[in-house]
Amino acid sequence: MHALPLTLRRLLALSLLPLLLLSAAGAARPAELVVIVSARNPLSVLRPEQVVDIFLAQTGRFPGGDEAVALDLPLGSPLREEFYSRVAARSPALMKAYWTKMVFTGRGQPPRELASSAAVRRMVADNPSMIGYIDRSALDASVKAVLVTP
């Protein structure tokens, strides 16, 4: 078997470099998502189907009867796409179709969007009726995780 010419080996090594760097930096690791409520909210855990019902405007209440207001990350956010894929088993296209139908028929409005996990955490921390999702690394004592995605 013939050895590859030096220029071809260099080209191959350079083309693989970005993949190696991403892998070494952990960028390929999926985010560890957590669904959060205020530390002042009496809930300690929610089932995935309860979270889905709140985020898809099927209910506006937590299981105990208190008001529940969902907060979303921006459209196109990788964390948002992972959340809906993992928790609701829906792609961005399916979510767009869902909300188009809900708004058109007057049965619901999509959750309010905030710019970042930090913004969601701050808003949820300040209001026990709010619920959101963030990367686990953004957790602090002002909120508590009621669902950790697999």
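Calculation rules
Residues numbered from 1 in each chain as written. Predicted model: local features only at pLDDT ≥ 70, side-chain atom pairs only at ≥ 80, totals over all residues. Heavy atoms only, no water. Helix = DSSP H or I, 4+ residues; strand = E, 2+ residues; numbered from the N terminus. Buried < 20%, exposed > 50% of the residue type's maximum accessible area, 1.4 Å probe, protein only. Contact = heavy atoms within 4.5 Å. Areas by Shrake-Rupley, 256 points an atom, 1.4 Å probe, with all protein chains shown as cover. Axes fitted to C-alpha atoms, helices over the stretch in contact; angles between N-to-C directions. Parallel < 35°, antiparallel > 145°, perpendicular 65-115°, else oblique. Left-handed = near helix turned anticlockwise from the far one by under 90°. Nonpolar A, V, L, I, M, F, W, Y, C, P; charged D, E, K, R; others polar. Pairing = 2+ DSSP bridges. Phe/Tyr/Trp six-rings, centres within 6.5 Å; stacked < 30°, edge-to-face > 60°. pLDDT = per-residue confidence, 0-100.

(A) Local environment of the overall build of the protein. In terms of helices and strands, the protein carries 5 helices and 5 strands. Taken from the N to the C terminus, the helices and strands of the protein come in the order α-β-α-β-α-α-β-α-β-β. By residue count, 36% of the 150 residues in the protein fall in the buried class. In the protein, the proportion of contacts linking residues at least 24 apart, taken out of those at least 6 apart, comes to 73%. Put simply, the protein shows about 9,100 Å² of open surface, and 62% of that area lies on carbon and sulfur atoms.

(B) Up close: the packing of helix α2 (residues 48-55) against helix α3 (residues 78-87). Look at α2 against α3: their axes get within 10 Å of each other, and the N-to-C directions meet at 125°. Between α2 and α3, the interaxial angle falls into the category oblique. Considering only the axes of α2 and α3, their crossing is left-handed. The segment α2 lies against α3, with P48, V51, V52 and F55 engaging F83, Y84 and V87. Partitioned by chemical class, the residues of the contact of α2 with α3 number 7 nonpolar, no polar and no charged.

(C) The pairing of strand β2 (residues 69-72), seen in detail. Both β2 and strand β4 (residues 130-135) contribute to a ladder of 2 bridges, which runs parallel. When the sheet's bridge partners are listed, A70 is paired in β4 with I131. Two strands pair when backbone bridges link them, and β2 and strand β3 (residues 112-113) are joined in this way by 2 bridges, in the parallel orientation. The residue of β3 that forms the bridge with D72 is E113.

(D) Highlighting α2. Within α2, burial applies to Q50, V51, V52, I54 and F55. Once α2 ends, the next one or two residues include A57, with phi positive near 60°.

(E) Inspection of the packing of aromatic side chains at higher detail. With the rule as written, the count across this model stands at 6 aromatic pairs. The structure contains a cluster of three or more aromatic residues connected by ring pairs, namely F55, F83, Y84 and Y133.

(F) Structural context of the environment of I134. Among the structural elements, I134 can be located in strand β4. For the pair I134 and V120, spaced 14 residues apart in the sequence, the C-alpha separation amounts to 7.3 Å. Every residue in contact with I134, bar those within four places of it in the chain, is listed here: E32, L33, V34, I36, L79, S117, V120, R121 and L139.

(G) Seen up close, the confidence of the model for the protein. Looking at the protein, the pLDDT average stands at 86 and 80% of residues meet or exceed 70. At the level of individual helices and strands, the protein shows its lowest average pLDDT in helix α1 (residues 6-25), which scores 44, and its highest in β2, which scores 98. Low pLDDT, under 50, characterises residues 8-28; the stretch is placed with 3 contacts to residues that sit more than four places away or in other chains.

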